[in-house]
Amino acid sequence: MPLMPAEAPTPFTAAGALSGVREAIPPALASFGIGIAFGALSHDMGLSAGEATLMSALVFSASAQFPALGSWGAPGAAFPILIATLAIGLRHILYSAALRPHIRGLSPIKTYASLYFLADSNWIMAMRAERQGRWDAALLLGSGALMCLGWTTGTVAGVLGAGAIGDLKGIGLDVAMPAFFIALLAGAWRGKADVLPLFVGAGAALVAHTYLPTGWHLVIGIMAGGIAGAWHHGR
């Protein structure tokens, strides 16, 4: 019985990490700006610089942390915040499932360190690198670490400079997060083949946002867009 060929080891190199750092410079700068907005809002909600910074370093999710601030300090808010954060974070199950074939064989330390820094933008970077034949799993670690640094230092700057920042709308920080995600979408755009998944996902997310609790629109939009994309590409 012929032996099956051994799978090539998943690359995880310093060069891959540096490539991730270089690719992550624009989203890291955006994360810094959004972090300033989060830090300023955290200050307004009564969080100290240490508390806000610890939240940003441990949670590392603008889409979860901003909704949490909306309920911060309200009586009985802990459970709703927990559920909303869980719902918003469910999309990472889909992200990590897509990445699983490409990180197989890595040690637990490399795997979990990389996935700790998994975010929307470096997941897109990872999928693009895999399609282009230049996949190196350390790209996740390098890009995510830089974006986390930008997000966390932005939070610190926002908390400490809250008094000087004033109205976030006056300096455009209120639209920083939507602009950031539009830029991510543009970077991942592959042409006409993406039109159907885009509109199906956006429509499903809009309906879910209208009728379901906070966070579920992200999961439903991603799943609906993914199903539409699989159907469209499989025809």
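Residues numbered from 1 in each chain as written. Predicted model: local features only at pLDDT ≥ 70, side-chain atom pairs only at ≥ 80, totals over all residues. Heavy atoms only, no water.

Draft legend 1. Structural view of the pattern of salt bridges. A complete count under the given rule lists three salt bridges for this structure. The salt bridge involving E23 is made with R134; its shortest N-O contact spans 2.9 Å. Here the residue E23 occupies a position in helix 1 (residues 14-23), and R134 occupies one in the loop between helix 8 (120-131) and helix 9 (138-160), the gap between them amounting to 111 residues. The class of E23 is partly exposed, set by a relative accessible area of 21%. According to the relative accessible area criterion, R134 is partly exposed, its value standing at 34%. Residues R91 and D120 are paired through a salt bridge, measuring 2.9 Å at the closest nitrogen-oxygen approach. Residue R91 is located in helix 6 (residues 91-103), and its partner D120 is located in helix 8; the two are separated by 29 residues in the primary sequence. The exposure class of D120 is buried, given its relative accessible area of 13%. A single salt-bridge network, built from bridges that share partners, covers E23, R128 and R134. (Salt bridge = Lys/Arg side-chain N within 4 Å of Asp/Glu carboxyl O. Helix = DSSP H or I, 4+ residues; strand = E, 2+ residues; numbered from the N terminus. Buried < 20%, exposed > 50% of the residue type's maximum accessible area, 1.4 Å probe, protein only.)

Draft legend 2. Spotlight on the environment of L41. Locating L41 in the fold gives a position in helix 2 (residues 25-44). Using a relative accessible area of 32% as the deciding quantity, one classes L41 as partly exposed.

Draft legend 3. Highlighting helix 3 (residues 49-59). Those residues of helix 3 not exposed but buried are A52, T53, M55 and S56. An end-on view of helix 3 places all buried positions within 160° of arc, on one side of the element. Pointing more than 90 degrees away from the buried face of helix 3 are the exposed residues L54 and L58. On its buried side, helix 3 packs onto helix 2, helix 4 (62-70) and helix 9. (Arc of directions from axis to C-beta. Contact = heavy atoms within 4.5 Å.)

Draft legend 4. Region of the structure containing the packing of aromatic side chains. A full pass over the atoms with the stated rule returns six aromatic pairs. Relative to W151, the ring of F38 lies with its centre 5.4 Å away and its plane at 35°, an arrangement referred to as tilted. Here W151 lies in helix 9 and F38 lies in helix 2, a separation of 113 residues in the sequence. Per residue, the accessibility class of F38 equals that of W151, and both read buried. Linked through ring pairs, F38, F66 and W151 together constitute an aromatic cluster. (Phe/Tyr/Trp six-rings, centres within 6.5 Å; stacked < 30°, edge-to-face > 60°.)

Draft legend 5. Broad picture of the nonpolar core. The biggest cluster of nonpolar side chains holds 29 residues, and the ones touching the most others in it are F60, L99, W135, L140, M147 and W151. Sorting the residues of this core by element identifies helix 2, helix 3, helix 4, helix 6, helix 8 and helix 9 as the ones contributing at least two each. Not counting the four nearest positions on each side in its chain, M147 is found in contact with A24, P27, A28, S31, F60, A119, S121 and N122. (Core = buried A, V, L, I, M, F, W, Y, C linked by side-chain atoms within 4.5 Å.)

Draft legend 6. Geometry of unusual backbone geometry. A positive phi angle, near 50°, is found at F60, a position not held by glycine. Along the chain, the position of F60 falls in the loop between helix 3 and helix 4.

Draft legend 7. Local environment of the packing of helix 4 against helix 5 (residues 78-89). Viewed as axis vectors pointing N to C, helix 4 and helix 5 meet at an angle of 160°, and their least axial separation amounts to 9 Å. It follows from the interaxial angle that helix 4 and helix 5 lie roughly antiparallel. In this structure, helix 4 crosses over helix 5, and the sense of that crossing is right-handed. Residue-level contacts link S63, A64, P67 and A68 of helix 4 to I81, T85 and I88 of helix 5. Counted by class, the contact of helix 4 with helix 5 contains five nonpolar, two polar and no charged residues. (Axes fitted to C-alpha atoms, helices over the stretch in contact; angles between N-to-C directions. Parallel < 35°, antiparallel > 145°, perpendicular 65-115°, else oblique. Left-handed = near helix turned anticlockwise from the far one by under 90°. Nonpolar A, V, L, I, M, F, W, Y, C, P; charged D, E, K, R; others polar.)

Draft legend 8. Looking closely at the environment of Y95. Position of Y95 relative to the elements: it lies in helix 6. You can call Y95 buried: its relative accessible area is 8%. Through-space distance from the C-alpha of Y95 to that of I222 is 9.8 Å; in sequence the pair is 127 residues apart. Not counting the four nearest positions on each side in its chain, Y95 is found in contact with L118, D120, W123 and I222.

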